[in-house]
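If you want the building blocks of each chain, they are given just below.
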Amino acid sequence: MNEPAVFHYPEKTMPLNVVHRLDDGTTLDHRAIHNIFGMENARATYDGLRKLQPDERPFVLTRAAYAGAQRYAATWTGDNLATWNHISMSTPTLLSMGLSGYPLVGDDIGGFGSSPPSDLLTRWYEVGAFNPIYRNHAAKGTLDHEPWVNGPEQEAIRRKYIELRYKLLPYIYTNTEETTRTGMPLMRPIFFQYPQATEFYGTIAIFSSAPIYLWHR
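Please read all numbers here as calculations on a predicted model, not as lab measurements.

**Student:** Looking at this structure, I do not really get the environment of Leu16. What am I missing?
**Tutor:** When you line up the elements, Leu16 lands in the segment before β1 (19-21). By relative accessible area, which is 29% here, Leu16 ends up partly exposed. Separated by 34 residues in sequence, Leu16 and Arg50 have C-alpha atoms that sit 34 Å apart. Leaving out residues up to four positions away in the same chain, Leu16 has contacts with Glu11, Asp29, His30 and Arg31.

**Student:** What am I meant to see in the packing of helix α2 (residues 84-99) against helix α3 (residues 118-128) here?
**Tutor:** Axes are the key here: two packed helices are described by the angle between their axes and the distance separating the axes. Packing of α2 against α3 leaves a shortest axis separation of 11 Å and a crossing angle of 5°. Overall, the two elements α2 and α3 adopt an arrangement that is roughly parallel. Residues Trp84, His86, Ile87 and Thr91 of α2 pack against Asp119, Leu120, Arg123, Trp124 and Val127 of α3. Along the lines of polarity and charge, the residues of the contact of α2 with α3 split into five nonpolar, two polar and two charged.

The rules behind each value
- Within each chain, residue numbers correspond to sequence positions counted from 1 in written order.
- Where local features are concerned, this predicted model is filtered to residues with pLDDT of at least 70; where side-chain atom pairs are given and counted, the filter is 80 or more; whole-chain, interface and lining totals use all residues.
- The side-chain values count all of the structure's non-hydrogen atoms but skip hydrogen atoms and water molecules.
- Only runs of H or I of at least four residues qualify as helices and only runs of E of at least two qualify as strands under DSSP, and these elements are numbered from the N terminus.
- Here's how the labels work: a residue is buried when its accessible area is under 20% of the maximum for its type, exposed when over 50%, partly exposed in between, all with a 1.4 Å probe on protein chains only.
- The contact rule is simple, with two residues in contact once any of their heavy atoms fall within 4.5 Å.
- Only the stretch in contact is used when fitting a helix axis, every axis being a line fitted to C-alpha atoms; angles between N-to-C directions are given from 0 to 180 degrees.
- For classification purposes, angles smaller than 35 degrees are called roughly parallel, those larger than 145 roughly antiparallel, those between 65 and 115 roughly perpendicular, and all remaining angles oblique.
- Just so you know the grouping, Ala, Val, Leu, Ile, Met, Phe, Trp, Tyr, Cys and Pro go in nonpolar, Asp, Glu, Lys and Arg go in charged, and all remaining residues, Gly too, go in polar.

Have a look at this one:
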């Protein structure tokens, strides 16, 4: 999580009027510090991993972030719910984050809170295969979200998209390298990649350039 978590308060963090003293002697209240603290936590983790393994690329995942956090960590959309409304919100949210400068993002496949019906979980495995981060995650007390639950028919569909994701990994790696140089988002709306095609495709999203060819073949 990385951010200060204090579950005794409704805000689930320190009281918002808590005052923090900065290194330069100035002070700010917790409204300003909460997410900065999370980003600096991710930054310290990233820097520490670089020192421990200088020849490896660190992968850090943080929930709390602030402007500039994309330099140190990937993130996700937080505690979503296992609902059709939340799966429909996932693509616009991830696209918006990429266009805002945070490219390595994802959402909890299947929804974090509550238990998805089998068709919703399968659809999330399908859609999520084209997200920058493809992560299954669920809250304690929910039904299992693994691909093999709900019987062989659902498992076969989910397996197909998981295998497609593995086939796309070299492409995703290449686009990630491009992102580090240019800031181009990994997940792009149609108008971003093909501005001349916006009338035909409307608001349909693609996940960078190549998967659209896979999608429409």
